[in-house]
Amino acid sequence: MHTKIRRVFAVCGMMVMLVLMAGITALPAFAASEGAYTADACPSYTNPETNQVEDVGGESSAVLGQAMTESAVYEKALVEIDAEGNTYITVRMQLMDNIENPRFEENGQELTTEIVQEDFDNDTADFRMAVKDYHSDFRCSMTVTAMGRDVVFYLNFKNLQPGTADFISDMEPASAAPVEEAPAEKEQEKTPETATEPEQKDEKKADNAGIQEFDAEGNEINSGNESNVQNSSKMGSFGIIIGVVAAVAIIGFCIWYFGFFRKKK
């Protein structure tokens, strides 16, 4: 009889621990509140989940492919959340004289985009789209005219901060940044607000040279310009996770002590 009771305790204990451990991996991300935010736009030539290159250039083109995607995507984006919780992202594509037909997908679904702003002097265009979740890894493609083919890459958005910068938005800036994302510490550098106009143009020319480094086969044309891979990481909800893990450990200990150890004594 006591053996059956102990087995029941063991099965119940295992089920409780499995449910709690599953809950750790399923912790929901804190949603941003209503308003407009600027975000870091982080392009990646590889799929962030699989770490695989999906572009036909393959792994051998990973370094140059990363440089090309970084030169084609402006470093900032606009994230807007309305009163109903609908989310919109505006991505600024650069070097529009060299690329055509940028496309964006979320979870395998192609997104409908509209051009809300064009800057012919700086060769940029802003593409706005409705999305389900700004945390998603967005699969993107663009036709690079110099290569004569589409290039596939990924894009995600991090480090939301209240404001609209020079993006077009009808929404007021949010009152605070989302609690799950803390600003990454960066070296002090010139921004479009503090740099002079000639300096901005020189910087953009240097940053945007990467897309012209490829021929139709994806080989490097000009090796004098390489970009570094952006290093942005999202701060996780460590406090919540630690608390849940501690709860699992305490429950497991209690089940073992009262269900096994104490009964044996």
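Just above sits the structure.
Residues numbered from 1 in each chain as written. Predicted model: local features only at pLDDT ≥ 70, side-chain atom pairs only at ≥ 80, totals over all residues. Heavy atoms only, no water.

**As for the nonpolar core**
Soluble, globular proteins show a tendency: their nonpolar side chains are buried together. What counts, and what does not: As used here, the term nonpolar core means buried Ala, Val, Leu, Ile, Met, Phe, Trp, Tyr and Cys residues forming a set that is joined through side-chain atoms within 4.5 Å. Partly exposed describes any residue whose relative accessible area lies between the buried limit of under 20% and the exposed limit of over 50%, with all areas from a 1.4 Å probe on protein chains only and scaled to the type maximum. Helix and strand definitions follow DSSP, with helices as H or I runs of at least four residues and strands as E runs of at least two, each counted in order from the N terminus.
Counting 34 residues, the largest nonpolar core has Ile-89, Val-91, Met-93, Phe-104, Leu-155 and Phe-157 as its most contacted members. For this core, the leading source of residues is strand E9 (residues 149-162), giving five residues.

**Digging into unusual backbone geometry**
For Asn-101, which is not a glycine, the phi torsion comes out positive at approximately 50 degrees. Secondary-structure assignment places Asn-101 in strand E4 (residues 99-106). Judged by its relative accessible area of 47%, Asn-101 falls in the partly exposed class. Positioned with a positive phi, Ala-165 is a non-glycine residue whose angle comes to about 50 degrees. With respect to the helices, strands and loops of the structure, Ala-165 is situated in the loop between E9 and helix H3 (197-207).

**Some words on the pairing of E4**
How we decide: We treat two strands as partners when DSSP finds at least two bridges between them.
Bridge count between E4 and strand E8 (residues 138-144): five bridges; the pairing is antiparallel. Within E8, the residue paired with Glu-105 across the bridge is Arg-139. Bridge analysis of E4 against strand E5 (residues 109-110) gives two bridges, and the strand direction is antiparallel. Its bridge partner being in E5, Glu-106 is matched across the sheet by Gln-109. Count of turn residues in the E4/E5 antiparallel hairpin: two residues, of which Asn-107 carries a positive phi of about 55 degrees.

**Regarding the pattern of salt bridges**
Note the threshold: The working definition used for a salt bridge is a side-chain nitrogen of Lys or Arg within 4 Å of a carboxyl oxygen of Asp or Glu.
Tallied over the full model, the rule gives seven salt bridges. For Arg-128, the salt bridge is made with Glu-80, and the minimal N-O distance between the two is 2.9 Å. Of this pair, Arg-128 sits in strand E7 (residues 124-131) while Glu-80 is found in strand E2 (residues 73-81), placing the two residues 48 residues apart along the sequence. No difference in accessibility class separates Arg-128 from Glu-80, as the two residues are buried.

**Details of the sheet that holds E4**
Pairing is antiparallel in the open sheet, where nine strands are placed in the order E5-E4-E8-E9-E1-E2-E3-E7-E6. Each having just a single partner strand, E5 and strand E6 (113-119) make up the two edges of the open sheet. The pairing of E2 with strand E3 (residues 87-93) spans six bridges and is classified as antiparallel. By the bridge assignment, Ala-77 is partnered in E3 with Val-91.

**Let's talk about the environment of Ala-32**
Which entries qualify depends on this criterion: What makes two residues a contact is simply this: any of their non-hydrogen atoms within 4.5 Å.
Within the fold, Ala-32 resides in the loop between helix H1 (2-25) and strand E1 (35-44). In sequence terms Ala-32 and Ala-174 are 142 residues apart; their C-alpha atoms lie 8.9 Å from each other. Residues within four places of Ala-32 in sequence aside, it is in contact with Tyr-37, Ile-81, Tyr-134, Leu-160 and Pro-178.

**Focus on the environment of Ala-72**
Following the sequence through the fold, Ala-72 ends up in helix H2 (residues 62-72). In this structure Ala-72 comes out as buried when scored by relative accessible area, which is 0%. Here the alpha-carbon distance between Ala-72 and Leu-95, two residues 23 residues apart in the chain, equals 6.1 Å.

**Looking at H2**
Judged by how many residues are buried, H2 sits mostly within the fold: nine of 11 residues are covered. Listed in full, the buried residues belonging to H2 are Leu-64, Gly-65, Gln-66, Ala-67, Met-68, Thr-69, Glu-70, Ser-71 and Ala-72.

**So, the side chain of Arg-103**
Selection criterion: Polar contacts here mean pairs of N or O atoms no more than 3.5 Å apart (in protein, one a potential hydrogen donor and the other a potential acceptor; neighbouring residues in sequence count only if both atoms are side-chain atoms).
With respect to the secondary-structure elements, Arg-103 resides in strand E4. Its relative accessible area of 19% is what places Arg-103 among the buried residues. At 2.6 Å, the side chain of Arg-103 and the backbone oxygen of Asn-101 are in polar contact. For Arg-103, the contacting residues outside a window of four places in its chain are Glu-110, Arg-139, Cys-140, Ser-141, Thr-143 and Asp-150.

**Brief notes about the packing of aromatic side chains**
Under the convention used in this document: Here a Phe, Tyr or Trp ring, Trp counted by its six-membered ring, pairs with any other such ring whose centre lies within 6.5 Å, and the pair is stacked when the planes are under 30 degrees apart, edge-to-face when over 60, and tilted otherwise. Geometrically, a lysine NZ or arginine CZ counts as sitting over a ring once it is within 6 Å of the ring centre and also within 35 degrees of the ring normal.
Throughout the structure, instances matching the rule amount to two aromatic pairs. Considering the side-chain rings of Phe-104 and Phe-127, the 6.5 Å spacing of their centres and the 50 degrees angle between planes classify their relative orientation as tilted. Here the residue Phe-104 occupies a position in strand E4, and Phe-127 occupies one in strand E7, the gap between them amounting to 23 residues. Ring centres of Phe-138 and Phe-157 lie 5.7 Å apart, and the angle between their planes is 65 degrees; this geometry places the pair in the edge-to-face category. Placement of Phe-138 in strand E8 and of Phe-157 in strand E9 is noted, with a sequence separation of 19 residues between them. Over the face of the ring belonging to Phe-167 we find Arg-92, whose NZ or CZ atom lies 4.3 Å from the ring centre. A cation sits over an aromatic face here: Arg-128 above Tyr-88, 4.3 Å from the ring centre.

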